[in-house]
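Residues per chain are reported as follows:
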Amino acid sequence: MLKKGRIVKYTAEELAEKRKTGETHSDWAGAAAATREEIEAQVAADPDEAGMVDWKSVAIELPKPKADLHMRLDRDVLDYFRSTGKGYQTRINAVLRSYVKRMRRDESSA
């Protein structure tokens, strides 16, 4: 994975200015002239690319819609998840999903 220390963000305007003033480390002419095979070989040799998704083999699955639910939780459990910040309901769902997967696996092996 990329190390956070190497990630830099620029606006489109800042990038355009860098290209105008020659402040880019990119070889745009070389990139434009590269064949598909050369590009794929460079990507395969890039250590930051290791373990990345092969998008050619990805299947698109639309998520099932969430069910709307009112439920009662112990106050300390709810307080804990809320203290983790935005997305706490998604994390509660992830914990419940993990439990369901485990129970289904245990049921199928019994």
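Remember, predicted model here, so these are calculated numbers, not experimental data.

Parameters at a glance
- Residue positions are given per chain, counting from 1 as you read along its sequence in written order.
- Two thresholds apply to this predicted model, a pLDDT of at least 70 for residue-level local features and 80 or more for giving and counting side-chain atom pairs, whereas whole-chain, interface and lining totals are computed over all residues.
- In computing side-chain properties, one takes all heavy atoms of the structure into account and sets aside hydrogens as well as water.
- What counts as a salt bridge is simple: a side-chain nitrogen of Lys or Arg found within 4 Å of a carboxyl oxygen of Asp or Glu.
- Think of it this way: any DSSP run of H or I at least four residues long counts as a helix, any run of E at least two long counts as a strand, and we number them from the N terminus.
- Each residue's exposure class comes from its accessible area (1.4 Å probe, protein chains only) as a fraction of the maximum for that residue type: buried when under 20%, exposed when over 50%, partly exposed otherwise.
- Between N-to-C directions, angles span 0 to 180 degrees; the directions come from axes that are lines fitted to C-alpha atoms, helices contributing only their stretch in contact.
- Oblique is the label for every angle not falling under 35 degrees (roughly parallel), over 145 degrees (roughly antiparallel), or within 65 to 115 degrees (roughly perpendicular).
- It is the rotation of the near helix from the far one that decides the hand of a crossing: anticlockwise by less than a right angle makes it left-handed, clockwise makes it right-handed.
- Contacts between residues were defined by any pair of non-hydrogen atoms, one from each residue, lying within 4.5 Å.
- To count toward a patch, a residue needs a relative accessible area above 30% and no salt bridge. Like charges then connect within 9 Å, nonpolar side chains (Val, Leu, Ile, Met, Phe, Trp, Tyr) within 5 Å.
- Using a 1.4 Å probe, accessible areas were evaluated by the Shrake-Rupley method; residue-level cover was limited to the displayed protein chains.
- Counted charges follow a simple rule, with Lys and Arg positive, Asp and Glu negative, and His plus the chain ends left uncounted.
- By convention, the point assigned to a charge is CZ for Arg, NZ for Lys, CD for Glu and CG for Asp.
- The score called pLDDT rates the predictor's confidence residue by residue, from a low of 0 to a high of 100.

(A) View of the pattern of salt bridges. As enumerated under the stated definition, the model contains five salt bridges in all. Of the charged contacts, one joins Glu40 and Arg36 as a salt bridge, the two residues approaching to 3.5 Å between their closest N and O atoms. Here Arg36 and Glu40 lie together in helix α3 (residues 36-45), a separation of four residues that amounts to about one turn. Glu40 sits in the partly exposed class, given a relative accessible area of 38%. You can call Arg36 exposed: its relative accessible area is 60%. Between Arg75 and Asp79 there is a salt bridge, with its nearest N and O atoms 3.7 Å apart. Here the residue Arg75 and the residue Asp79 both occupy positions in helix α4 (residues 75-83), the gap between them amounting to four residues, near one helical turn.

(B) Inspection of the environment of Thr90 at higher detail. Its place among the elements puts Thr90 in helix α5 (residues 88-109). When its relative accessible area of 58% is taken as the criterion, Thr90 is described as exposed.

(C) Examining the packing of α4 against α5 more closely. For the pair α4 and α5, the least separation of the axes is 8 Å and the interaxial angle reads 120°. The angle between α4 and α5 places the two elements in the oblique class. In terms of crossing hand, the pair formed by α4 and α5 is right-handed. Contact residues: α4 offers Leu78, Phe81 and Arg82, while α5 offers Tyr88, Arg91, Ile92 and Val95.

(D) Structural context of a positive patch on the surface. Taken together, the side chains of Lys64, Lys66, Arg97, Lys101 and Arg104 present a region of like positive charge at the surface. One can find Lys101 in helix α5. Note on Lys101: relative accessible area 56%, which makes it exposed.

(E) Representation of the confidence of the model for the protein chain in the model. Across the protein chain, pLDDT averages 86, with 95% of residues at or above 70. Here helix α2 (residues 28-33) is the element of the protein chain with the lowest mean pLDDT, 86, and α4 is the one with the highest, 96.

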